[in-house]
Amino acid sequence: MNNKNLFSCTVFIGLLLMWFLLSFNANPYIFPSPSKIFFAFLEVFSQTTFIFDSLSSLLRLIAGFFLGLIPAVILGILIGQTSVDSSSVGKSLESLRFVPPLALVPLMILWFGIGEFSKYLIIAWTVFFPVYISILLSSKNMDTKLIWVAKSFGATKKQVLLKVVFPYLMPSIVSGARVGMGLAFSVIIAAELVGAFSGLGFRLWFFQSVFRVDLMLVYIALLIFYGFVLDRFLKLVGNKLFFWGEKYE
Amino acid sequence: MNNEIEIKELTKDYFTNKKKIKAIDNISFNVKSGDFVSVVGPSGCGKSTLLNCIAGFVKQSSGKINFIKDNGSIGVVFQNRELFPWLNVSENIAFGLDVQNSAKTKKIVNRLIKKMDLGGFEESYPFELSIGMQQRVGLARALATNPRLLLMDEPFGSVDYLTRIKLQELLMHIWESLKPTIIFVTHDIDEAIFLGETIFVMSKRPGKILKEIKVDLPRPRTTKTLTSKKFNQIKKEVLEILVNNKF
């Protein structure tokens, strides 16, 4: 074990110890001790509820993610390639970026009901802008000579798009998607606090109403785990696609 | 020899911050089929713009560019190689053939890899290659579709002296064996003379053709050509035109 590992281990044990000491004098319902959390973990994992909650949140996340990603890619490429972005269409689209996704929750419930679709839309909204803007920025920096090379061979517009523009923008699509996924993750939990009957966010709210702080903390740990896994997955995909990025001048 | 391209009264203006900049001013010249034309001039004189107009990448403001035999594709080679960074060497060379749905892609790519001395690097990506090698890939990609016209924009501008001579010899060998029409833009007078059959000397901006010079140096040209008396005579002529161009 090297010094760095030793240090982080000491910090971890120190924090656990501090938590343990602090929880001695606290109300166990509000501030549970580490041992209580341990039993809460066992309680959660001995039942299937957490699986259904996870599936229901992740499903919303993934459905909404693609619902936002696909139009962002299409619009981003089209607008990025036609320099419409400085026009009224591009500007009005960009101004929508400042509508916080959570501000849409009450509106979506009113328009599309309390069901799944309104949640997909909120996630889609969250994912759309980081991807869209990342593509636009990348399009602006694109070297037109790469397109010229393709045109010199007589490439059609479709060939230029598929063989040059799309592969060039692929890494920025993934990095935008990574940012979008992170945001969507926080938004879905908040969106489930109101108007949902399943999901990790819904369950958190429920546990709060029955004073089970220990279970709330277990669910927060679950959120950390899912967020980490999803982000690492997208990072892996990005690195695989962007192998040529850093070193190429 | 027949004319390959006829350029008549070509003018190109650019607009930056509502200011009009004349890049090319009323240029007329013909390029013969199979000729090796060097265009030499100071930086920013509009020689790249001229090339981009001929390639059709930018539209001229006025004037005409006539291609006499309008068949076959063109090949372009840029100073910064402009290789597709996500494609490896073979895939980069095959790019134009793929665009044109060629059935002989594999055969042609293999032949070019051998010719350009890129064996063993088929699977390498551009960022893994030296600049000289990248430029050989760029040249191979342009040659793959067997273009009748090769447009080259300072292709050897960013390589060291020795690599440059090797690339020049390679290009000369290709021209002598395949005889495509080449328009080669450079600011290097030595390079223009060493490679070209015809030299067009361009003025400072707005670009005009100051003189057309026939280079009657014997072929094959070698490094000895670079120090010959005739070579220096032509160099002196070009230099005098460029230095005396004061507007």
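In this text, all values refer to a predicted model and were calculated from it rather than measured experimentally.

Cut-offs and rules
Residues numbered from 1 in each chain as written. Chains lettered and ligands numbered in written order. Predicted model: local features only at pLDDT ≥ 70, side-chain atom pairs only at ≥ 80, totals over all residues. Heavy atoms only, no water. Helix = DSSP H or I, 4+ residues; strand = E, 2+ residues; numbered from the N terminus. Rg over C-alpha atoms; globule rule 2.2 N^0.38 Å. Buried < 20%, exposed > 50% of the residue type's maximum accessible area, 1.4 Å probe, protein only. Contact = heavy atoms within 4.5 Å. Areas by Shrake-Rupley, 256 points an atom, 1.4 Å probe, with all protein chains shown as cover. pLDDT = per-residue confidence, 0-100. 1 Å grid on protein atoms, 1.4 Å probe; cavity = no way out; pocket = protein on both sides within 12 Å on 5 of 7 lines; lining within 4 Å. Points joined across faces, edges and corners; volume = space filled by probe spheres on them. Buried area = accessible area lost by both parts, 1.4 Å probe. Polar contact = N/O pair within 3.5 Å; in protein donor to acceptor, adjacent residues only side chain to side chain. Nonpolar A, V, L, I, M, F, W, Y, C, P; charged D, E, K, R; others polar. Pairing = 2+ DSSP bridges. Axes fitted to C-alpha atoms, helices over the stretch in contact; angles between N-to-C directions. Salt bridge = Lys/Arg side-chain N within 4 Å of Asp/Glu carboxyl O.

## Details of the overall build of chain A
Phase 1 of the analysis: On a plain count of helices and strands, chain A comes out with 10 helices and zero strands.
Phase 2 of the analysis: In chain A, the succession of α and β elements from N to C terminus is α-α-α-α-α-α-α-α-α-α.
Phase 3 of the analysis: Here chain A has a C-alpha radius of gyration of 23 Å; the compact-globule value for 249 residues is 18 Å, and the former is much larger.
Phase 4 of the analysis: Expressed along its principal axes, the backbone C-alpha trace of chain A runs to roughly 75 × 55 × 30 Å.
Phase 5 of the analysis: Within chain A, the fraction of its 249 residues that count as buried is 42%.
Phase 6 of the analysis: When contacts within chain A are restricted to residue pairs at least 6 apart in sequence, long-range pairs at least 24 apart make up 74% of them.
Phase 7 of the analysis: Here chain A displays about 14300 Å² of accessible surface, and carbon together with sulfur accounts for 74% of that area.

## Quick look at the confidence of the model for chain A
Phase 1 of the analysis: Predicted confidence across chain A gives a mean pLDDT of 87, with 95% of residues reaching 70 or more.
Phase 2 of the analysis: At the level of individual helices and strands, chain A shows its lowest average pLDDT in helix α4 (residues 88–95) of chain A, which scores 76, and its highest in helix α7 (residues 144–152) of chain A, which scores 93.

## So, the layout of surface pockets
Residue and element names in this part refer to chain A.
Phase 1 of the analysis: Empty space within the largest pocket amounts to approximately 410 Å³.
Phase 2 of the analysis: In this structure, the largest pocket is lined by 14 residues; those nearest its centre are Gln 81, Ile 147, Lys 151, Val 160 and Val 165.
Phase 3 of the analysis: Breaking the lining of the largest pocket down by element, the ones donating at least two residues are α3 (49–82), α6 (116–141), α7 and α8 (157–193).

## Section: the interface of chain A and chain B
Phase 1 of the analysis: Of the residues lining the interface, 21 residues belong to chain A; the matching set on chain B comes to 24 residues.
Phase 2 of the analysis: For the pair chain A and chain B, the summed buried area comes to about 2300 Å², and 72% of that belongs to carbon and sulfur atoms.
Phase 3 of the analysis: Where chain A packs against chain B, one counts two residue pairs in polar contact (both at pLDDT 80 or more).
Phase 4 of the analysis: Looking at the side of chain A that touches chain B, the elements with two or more residues in it are α7 and α8 of chain A.
Phase 5 of the analysis: Taken together, the residues of the side of chain A that touches chain B sort by class into 12 nonpolar, three polar and six charged.

## A look at the pairing of strand β1 (residues 3–16) of chain B
Residues and elements named next belong to chain B.
Phase 1 of the analysis: The sheet contact formed by β1 and strand β2 (residues 19–32) spans 10 bridges and is antiparallel. Of the residues in β2, the one forming a bridge with Ile 7 is Phe 29.
Phase 2 of the analysis: Bridge count for β1 against strand β4 (residues 62–67) is five bridges, and the pairing is antiparallel. The partner of Lys 8 across the bridge, within β4, is Lys 64.

## Thoughts on the sheet that holds β4(B)
Residue and element names in this part refer to chain B.
Phase 1 of the analysis: The three strands are arranged β2-β1-β4 in an open sheet whose pairing can be described as antiparallel. The sheet is open, and its two borders are formed by β2 and β4, each paired with just one other strand. Averaged over all pairs of adjacent strands, the angle between strand axes in this sheet comes to 20°, irrespective of strand direction.
Phase 2 of the analysis: Its contacts with the sheet place helix α1 (residues 47–55) against β1, β2 and β4, and it is angled at close to 120° to β1.

## Things to note about the environment of Phe128(A)
Residue and element names in this part refer to chain A.
Phase 1 of the analysis: The topology assignment puts Phe 128 in helix α6.
Phase 2 of the analysis: Linking Phe 128 and Lys 158, residues 30 residues apart in sequence, is a C-alpha distance of 24 Å.
Phase 3 of the analysis: Not counting residues within four places of it along the chain, the set of residues in contact with Phe 128 comprises Gly 68, Pro 71, Ala 72 and Leu 75.

## Considerations on the pattern of salt bridges
Residue and element names in this part refer to chain B.
Phase 1 of the analysis: Per the counting criterion, the structure on display carries 21 salt bridges over all chains.
Phase 2 of the analysis: In this structure, Lys 22 and Asp 13 form a salt bridge, with 3.4 Å as the shortest nitrogen-oxygen distance.
Phase 3 of the analysis: Accessibility expressed as a relative area gives 31% for Lys 22, which makes it partly exposed.
Phase 4 of the analysis: A salt bridge links Arg 164 to Glu 191; the nearest nitrogen and oxygen atoms lie 3.9 Å apart. Residue Arg 164 is found in helix α5 (residues 161–178), and its partner Glu 191 is found in helix α6 (residues 189–195); the two are separated by 27 residues along the sequence.
Phase 5 of the analysis: You can call Arg 164 buried: its relative accessible area is 11%.
Phase 6 of the analysis: Through salt bridges with shared partners, one network takes in Glu 176, Glu 197, Arg 219 and Arg 221.

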